[in-house]
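# Reading the structure
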Amino acid sequence: MSSKDYYEILGVSKDASDDELKKAYRKAAQKHHPDKGGDEAKFKELNEAYQTLSDKHKRSQYDQFGSGFEQPSGQPGGGFYGQGGFSGFGGQRAGQGFNINLDDLDLGDIFGSFFGGGAGRTGSRGPIAGDDISVNFDISFEEAFRGTEKEIEIYKREKCNRCHGNGAEPGTKIEACKTCNGSGQIRKTQQTLMGAFTQVADCPDCAGEGKRAQNPCNKCGGDGRVKEYKKIKIRIPAGIASGQTIEIEGGGEAGLKGGRNGNLYATINVSKHKDFERIGNDIKVIIPISFSQAALGDEIKLNTLHGYISFKIPTGVQSGKIFKVANFGMPYIHSNKVGNLLVELMVVTPKKLSKREKELFINLANEDRRGPRVDNKSFFHKIFE
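A few points on the structure.

### Quick notes on the environment of Glu253
Topologically, Glu253 is positioned in the loop between β8 (245-248) and β9 (264-270). For the pair Glu253 and Lys156, spaced 97 residues apart in sequence, the C-alpha separation works out to 5.8 Å. Dropping the residues within four chain positions of it, Glu253 is found in contact with Gly130, Asp131, Ile133, Lys156, Arg157, Lys227, Asn261 and Gly262. Of note is the side chain of Glu253, whose polar atom sits 2.8 Å from the side chain of Arg157.

### A short note on helix α3 (residues 40-53)
Between its first and last C-alpha atoms α3 spans 20 Å; for 14 residues at 1.5 Å apiece the expected length is 20 Å, and the two agree. Considered for burial, the residues of α3 that qualify are Phe43, Leu46, Asn47, Ala49, Tyr50, Gln51, Thr52 and Leu53. Where α3 begins, the capping side chain belongs to Asp39, and its oxygen is found 2.9 Å from the backbone nitrogen of Ala41.

### Considerations on the packing of aromatic side chains
Scanning the entire structure with this criterion turns up six aromatic pairs. Judged by centre distance (4.5 Å) and plane angle (15 degrees), the rings of Tyr25 and Tyr50 are stacked. Of the two residues, Tyr25 sits in helix α2 (residues 18-32) while Tyr50 sits in helix α3, which places them 25 residues apart along the sequence. Comparing Tyr25 with Tyr50 shows no difference in burial state: the two are buried. Positioned over the ring face of Tyr308 is Lys301, at 5.5 Å from the centre of the ring. Of note, Lys337 hangs over the ring of Tyr332, and the distance from its end group to the ring centre comes to 4.9 Å.

### Observations regarding the nonpolar core
In terms of nonpolar packing, the biggest core is built from 37 residues, with Ile234, Leu264 and Val343 touching the most fellow members. Val343 has contacts with Val285, Ile287, Leu302, Phe311, Lys321, Ile322, Phe323 and Val325, leaving out every residue within four places of it along the chain. Grouped together as the second largest cluster of nonpolar side chains are 17 residues, Ile9, Val12, Tyr25 and Phe43 included.

### What to know about unusual backbone geometry
A positive phi angle is found at Asn181, which is not glycine, with a value near 60 degrees. Judged by its relative accessible area of 69%, Asn181 falls in the exposed class. Positive phi is not limited to glycine here, since Asn327 has a value of about 65 degrees. Tracing the backbone through its elements, the reader meets Asn327 in the loop between β14 (322-325) and β15 (341-347).

### Some points on a negative patch on the surface
Judged by side-chain charge, Asp131, Asp132, Glu247 and Glu249 come together as a negatively charged surface patch. Inspection of the secondary structure assignment puts Glu249 in the loop between β8 and β9.

### Details of helix α4 (residues 56-65)
Helical geometry note: an α-helix holds 3.6 residues per turn, so side chains three or four residues apart project in the same direction. All of the buried residues along α4 are Lys58, Arg59, Gln61 and Tyr62. End-on, the buried residues of α4 take up no more than an arc of 165 degrees, which puts them together on one face. Summarising the geometry of α4, the exposed residues directed more than 90 degrees from the buried face are Lys56 and Gln64. The N-cap of α4, judged by a side-chain oxygen 3.0 Å from the amide nitrogen of Lys58 a few residues on, is Asp55. A positive backbone phi angle near 90 degrees is found at Gly66, which sits one or two residues after α4.

### Points about the packing of α2 against α3
With their axes 9 Å apart at the nearest point, α2 and α3 run at an angle of 165 degrees to one another. As far as their axial angle goes, α3 and α2 are roughly antiparallel. Once α2 is placed against α3, the crossing between them reads as left-handed. Only Lys42, Phe43, Leu46, Asn47, Tyr50 and Leu53 of α3 make contact with α2, whose side of the interface consists of Leu21, Lys22, Tyr25, Ala28, Ala29 and His32.

### Concerning the environment of Ala29
Position of Ala29 relative to the elements: it lies in helix α2. Taking the C-alpha atoms as reference, Ala29 lies 6.3 Å from Phe43; in sequence the two are 14 residues apart. Once residues within four sequence positions are removed from consideration, Ala29 is found in contact with Phe43, Leu46 and Asp205.

### Here we look at the pattern of salt bridges
Scanning the model with the defined rule gives 13 salt bridges in all. Arg157 is the partner of Asp19 in a salt bridge, and the nearest nitrogen-oxygen pair spans 3.3 Å. Of this pair, Asp19 sits in helix α2 while Arg157 sits in strand β2 (residues 148-159), and the two are 138 residues apart along the sequence. With a relative accessible area of 34%, Asp19 lands in the partly exposed category. Because the salt bridges share partners, they merge into one network encompassing Asp19, Lys23, Arg157 and Glu253.

### Comments concerning the sheet that holds β15
By definition, the strands of a sheet pair up through backbone hydrogen bonds, in either a parallel or an antiparallel sense. Strands sit in the order β10-β11-β15-β14 across an open sheet of four strands; the sheet is mixed. If you trace the sheet from one side to the other, it starts and ends with β10 (276-279) and β14, each paired once. Going from strand to strand, the sheet's axes swing by 30 degrees on average, the running direction of each strand aside. Of the strand pairs in this sheet, β10 and strand β11 (residues 282-289) are connected by four bridges, and their pairing is antiparallel. Looking across to β11, one finds that Ile279 is bridged to Asp282.

What counts and how
- Residues numbered from 1 in each chain as written.
- Predicted model: local features only at pLDDT ≥ 70, side-chain atom pairs only at ≥ 80, totals over all residues.
- Heavy atoms only, no water.
- Helix = DSSP H or I, 4+ residues; strand = E, 2+ residues; numbered from the N terminus.
- Contact = heavy atoms within 4.5 Å.
- Polar contact = N/O pair within 3.5 Å; in protein donor to acceptor, adjacent residues only side chain to side chain.
- Expected span 1.5 Å × (residues − 1).
- Buried < 20%, exposed > 50% of the residue type's maximum accessible area, 1.4 Å probe, protein only.
- Phe/Tyr/Trp six-rings, centres within 6.5 Å; stacked < 30°, edge-to-face > 60°.
- Lys NZ or Arg CZ within 6 Å of the ring centre and 35° of its normal.
- Core = buried A, V, L, I, M, F, W, Y, C linked by side-chain atoms within 4.5 Å.
- Patch = residues over 30% accessible without salt bridge, like charges linked within 9 Å, V, L, I, M, F, W, Y side chains within 5 Å.
- Areas by Shrake-Rupley, 256 points an atom, 1.4 Å probe, with all protein chains shown as cover.
- Salt bridge = Lys/Arg side-chain N within 4 Å of Asp/Glu carboxyl O.
- Lys, Arg positive; Asp, Glu negative; His and termini not counted.
- Charge placed at Lys NZ, Arg CZ, Asp CG, Glu CD.
- Arc of directions from axis to C-beta.
- Axes fitted to C-alpha atoms, helices over the stretch in contact; angles between N-to-C directions.
- Parallel < 35°, antiparallel > 145°, perpendicular 65-115°, else oblique.
- Left-handed = near helix turned anticlockwise from the far one by under 90°.
- Pairing = 2+ DSSP bridges.

As structure tokens, then:
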């Protein structure tokens, strides 16, 4: 038997997604449907191709073995027990041994057909929830500090406003699917090494719903949804950190058959600030000071995200010393608690000195020389002795 090219029959590539397969099948099925004057043989061929490629297990077998993968290997079937019961296994003589590759058997289909339907599902499908959407966008350090509201525009599936989501052209009927007689399922009997089995699957013509539009909606093509740009406002709380995600319930893609919308997940990227560094909910700032400020102390005006504050530099402070100012950091999300401001003082050595400054430093150096001298050799000898 020659192998059929199911991908060519549906007009898709071998790496086509499930969504692409479904769209190609629906388009071709509407064209060749016998009720619309189409070719019945072509329609059956389309059904056969779609039933195989829309099932991941069957598609994998088809890609490996071709369209003959479901055919028995010349052994007679003869029902569950066959003509010789389990001892025969389709005519195999006792004592010869028999190998069965369980990976090639779809046990869900086999046992599901014994107990009333494939995958434990009977009747038509119910509502299907829409897909979630994830987005990323940037905000400034100040916006993260005070909180903000952003409006973003995304391209997503929305309920069709022409057919209101039912997939039918306004003024036309939604009728029972003629392919499955309104059951939403079709049964397919196949011969396997263990005999004849009946597989129950969703009807490919109505996607398991059991009904279909008499005339599909001209805007959405019968899907009940259309892709369009949608503006969504996102409220960003004060204190949010870079990498955190905000969930907007119902902000994702529209569902099918009355199913709920998916959710929108917005991941926030907070830009770095030229002066401030965030450490948890604390904010660190480095303040340069002069030699004289470090030696004599000073009081300066310090700019913070909360506004200007007065900050005292203690006498004799060392470079790199960090001071904590309580409640002047980043707010905690949904809380009245606020982090701290960490002020690091950095003594700056001047690169250029005026004539007067040089004189002052020379005088200071002379004063240092008049003080008690330290014998470096004796000093280090005592330390490491």
